[in-house]
Amino acid sequence: MARAIYPGTFDPVTNGHVDIVERASHTVDHLTVGVVEGSLKRTMFNVDERIEMFSEAVAHLPNVEVKPYSGLTVEAARKFGATVIVRGLRITSDFEYESEMALMNRRMAEDIETICLFSALEYQILSSSRVKEVAAFGADVSDLVPQNVWKPLVERLEQRKASNS
Ligand code: ADP
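Residues numbered from 1 in each chain as written. Predicted model: local features only at pLDDT ≥ 70, side-chain atom pairs only at ≥ 80, totals over all residues. Heavy atoms only, no water.

As annotated in an unreviewed UniProt entry, the protein carries the name Phosphopantetheine adenylyltransferase and is attributed to Candidatus Lucifugimonas marina. Listed under Subunit (unreviewed entry) in UniProt, the entry text for the protein is "Homohexamer." We quote the UniProt Pathway (unreviewed entry) comment for the protein here in full: "Cofactor biosynthesis; coenzyme A biosynthesis; CoA from (R)-pantothenate: step 4/5." (UniProt positions renumbered as here; feature names shortened; annotations may be inferred.)

(A) Summary view of the pairing of strand β3 (residues 64–69). Looking at chain direction, strand β2 (residues 30–36) and β3 are connected through six bridges and run parallel. Along β3, the bridge assignment pairs L31 with V64. A crossover connection joins β2 to the parallel β3 through helix α2 (residues 47–57); in handedness this β-α-β unit is right-handed. (Pairing = 2+ DSSP bridges. Helix = DSSP H or I, 4+ residues; strand = E, 2+ residues; numbered from the N terminus. Right-handed = clockwise from strand over helix to strand, strands pointing away.)

(B) Representation of the site of the ligand. Near the ligand, the surroundings consist of 17 residues, among which Y6, T9, K41, G88 and L126 are the closest. In this structure, an oxygen atom belonging to the ligand sits 2.9 Å away from a main-chain N or O atom of F10. Here S119 contributes a side-chain N or O atom positioned 2.9 Å from a nitrogen atom of the ligand. Of the pockets mapped on this structure, the ligand occupies the largest pocket. Put simply, the parts of the chain that give the shell around the ligand at least two residues each are β1 (3–8), α1 (15–25) and β4 (84–89). Across the shell around the ligand, the residue classes break down as six nonpolar, six polar and five charged. (Near = heavy atom within 4 Å. Polar contact = N/O pair within 3.5 Å; in protein donor to acceptor, adjacent residues only side chain to side chain. 1 Å grid on protein atoms, 1.4 Å probe; cavity = no way out; pocket = protein on both sides within 12 Å on 5 of 7 lines; lining within 4 Å. Sits in = over half its atoms within 2 Å of the grid points. Nonpolar A, V, L, I, M, F, W, Y, C, P; charged D, E, K, R; others polar.)

(C) Inspection of the UniProt feature "site: Transition state stabilizer" (unreviewed entry) in the protein at higher detail. Here, the residues flagged by UniProt with the feature "site: Transition state stabilizer" (unreviewed entry) are H17. With respect to the helices and strands, H17 occurs in helix α1. H17 has contacts with Y6, F10, P12, F54 and S128, leaving out every residue within four places of it along the chain. (Contact = heavy atoms within 4.5 Å.)

Here it is as structure tokens:
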């Protein structure tokens, strides 16, 4: 049994991410969800908002904590005492990127293993960007994101619409 980190942008957390955390939390002693701070990606929610939403969504899991990190994931793993990096794999979209990232991380830290969990069937086409895209056009995304995420998402989209008009 080990300590693991599940790194990502999580802008915002979706039910696909929560599913990975739930399943990983049964496999390791302790899981830190590492929320990337100051990423190259422009995010809709700042790091504190992303952490708050993720923390609420996994509050039922006692061995999971949600923390910010910046810089290399392998360094964050060391800081959190993790020897495993957990990633989620959707069949059609993630293999190439995830395998390149895993090989690069292994090159930098041979003692840290990347373990990928396959996304559940119902979350295969779910991503934070797709959720934001369809929600911006008024689609109901309430079954794709945790209950506590739906309201802030709709509010942020409305604020954006108001400031663009
Ligand atoms: P990143 O910016 O690191 O890609 P994301 O927040 O998009 O961050 O994703 C974090 C991790 O969660 C990645 O391993 C990604 O493949 C995985 N992931 C994203 N969406 C899903 C999903 N629907 N089901 C399972 N895993 C997912």
